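Structural overview for review
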Amino acid sequence: MEPQTLDFLDGLVSEGVEVDGGILIPTERRLAELSGMSRARVRERLSGLQMLGMLKKVQGSGNVLVSPTALEAGTGNVFELMLRAGLVTVAQINEAREMLEVAIAPRILERVTDEQIHSLEDQVYAMVDASASRDFVSGLEADHAFHVALFEIVGNPIMTYVVNGMNHALHDLLLERRRIVIGKEIARNHGELPAMFDSDAVHFEITRALRSRRKEAVTAAMVEHFDSWRRISHSPTRSTPSTPRGEE
């Protein structure tokens, strides 16, 4: 943001009114009067904030400043652009995601409620149902929702924003990897659907650990989640030679 935009944002906050979910800002006309800018210029500034995911139009209310999520237009592309420019690699983003999730495990345990654990379990059941019908898109959505919920439990919007951005950049890759992992688990089960896919069941270990209220159990379950994924995704299929082949 340029300095003028930051000053404009300061004005919005000081003149706005706190509402559920954000800050309701004055009308374009009022903002023009307060800032001395033309309404066209005010509208341009507001459009820029909307592109950044920081401004939402609420029907019947007006414009509301909100904490942006990386899945909204204009905000989820940062990591994707970095990937395309060669500034970071897929492996680095994956490693960062893993480090973040393992690191927040103790904080999750400190703040999670029984209701939130139940909600996490519902997401795992959604994964299980999607995998059983080979609905890879719905399975990935439930998987993403589960992991984003972990960061929301911590209550730090910066962490939630970052992990959302990573998921956005890796969406297509993670979708393909989910398809591959499910295929390998079916092959391992002699072509039959297992009662529950290991790649889904490992998420239940996280919720069980949270219910145990034991810090070491939660951290171990989070580490096992990533280790299990690596074991399955790097395992050979029955139709190929026994030499493991990674999914890079």
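Per chain, residues are indexed from 1 in the order of the written sequence. Note on the predicted model: pLDDT of at least 70 is required for a residue's local features to be given, and 80 or more for side-chain atom pairs to be given and counted; whole-chain, interface and lining totals, by contrast, use all residues. Excluded from the side-chain calculation are hydrogens and water; included are all heavy atoms of the structure.

The name given to the protein chain in an unreviewed UniProt entry is DNA-binding FadR family transcriptional regulator, with the source organism recorded as Brachybacterium sacelli.

All right, on to the packing of aromatic side chains then. When the centres of two rings from Phe, Tyr and Trp lie within 6.5 Å, Trp using its six-membered ring, the rings pair. Their planes under 30 degrees apart give stacked, over 60 give edge-to-face, and anything left gives tilted. Evaluation of the coordinates by the stated rule reveals 1 aromatic pair. An angle of 65 degrees between the planes, with centres 5.0 Å apart, marks the rings of Tyr 125 and Phe 204 as edge-to-face. Of this pair, Tyr 125 sits in helix α6 (residues 114-132) while Phe 204 sits in helix α9 (residues 198-212), placing them 79 residues apart in sequence. You can call Tyr 125 partly exposed: its relative accessible area is 47%. Throughout this description, buried means an accessible area under 20% of the type-specific maximum (1.4 Å probe, protein chains only), exposed means over 50%, and partly exposed covers the range between. We classify Phe 204 as buried; its relative accessible area is 8%. Per the convention used, a helix needs a DSSP run of H or I reaching at least four residues, while a strand needs a run of E reaching at least two, with both numbered from the N terminus.

Now for unusual backbone geometry. For His 190, which is not glycine, the phi torsion reads 60 degrees and is therefore positive. Mapping His 190 onto the fold places it in the loop between α8 (157-188) and α9. With a phi close to 60 degrees, Arg 213 is a non-glycine residue in the positive phi region. Mapped onto the fold, Arg 213 is located in the loop between α9 and α10 (215-233). Since its relative accessible area comes to 38%, Arg 213 is described here as partly exposed.

Time to look at the sheet that holds strand β1 (residues 17-19). Strand pairing follows a simple DSSP-based rule, namely that at least 2 bridges must link the two strands. Taken in spatial order, the 4 strands line up as β1-β2-β4-β3 in an open sheet, and their pairing is antiparallel. Looking along the sheet, the strands with just one partner apiece sit at the ends: β1 and β3 (55-58). Geometrically, the sheet is characterised by an average inter-axis angle of 40 degrees between neighbouring strands, direction not taken into account. Here, residues are in contact when the closest pair of their heavy atoms is within 4.5 Å. Axis angles are defined between N-to-C directions and span 0 to 180 degrees, where every axis is a line fitted to C-alpha atoms and, for a helix, only to the segment in contact. Across the sheet, helix α3 (residues 39-51) lies against β3 and β4 (62-65), angled at about 105 degrees from β3, the strand it touches most.

Attention shifts here to the packing of α8 against α10. Running from N to C, α8 and α10 point in directions that differ by 70 degrees, and their axes come no closer than 9 Å. It follows from the interaxial angle that α8 and α10 lie roughly perpendicular. As for how α8 packs across α10, the hand of that crossing is left-handed. Across from Arg 177, Arg 178, Val 181, Lys 184, Glu 185 and Arg 188 in α8, the residues of α10 making contact are Trp 229, Ile 232 and Ser 233. For this classification, under 35 degrees means roughly parallel, over 145 means roughly antiparallel, 65 to 115 means roughly perpendicular, and everything else is oblique. When the near helix sits turned anticlockwise from the far one by under a right angle, the crossing is termed left-handed; a clockwise turn instead gives a right-handed crossing.

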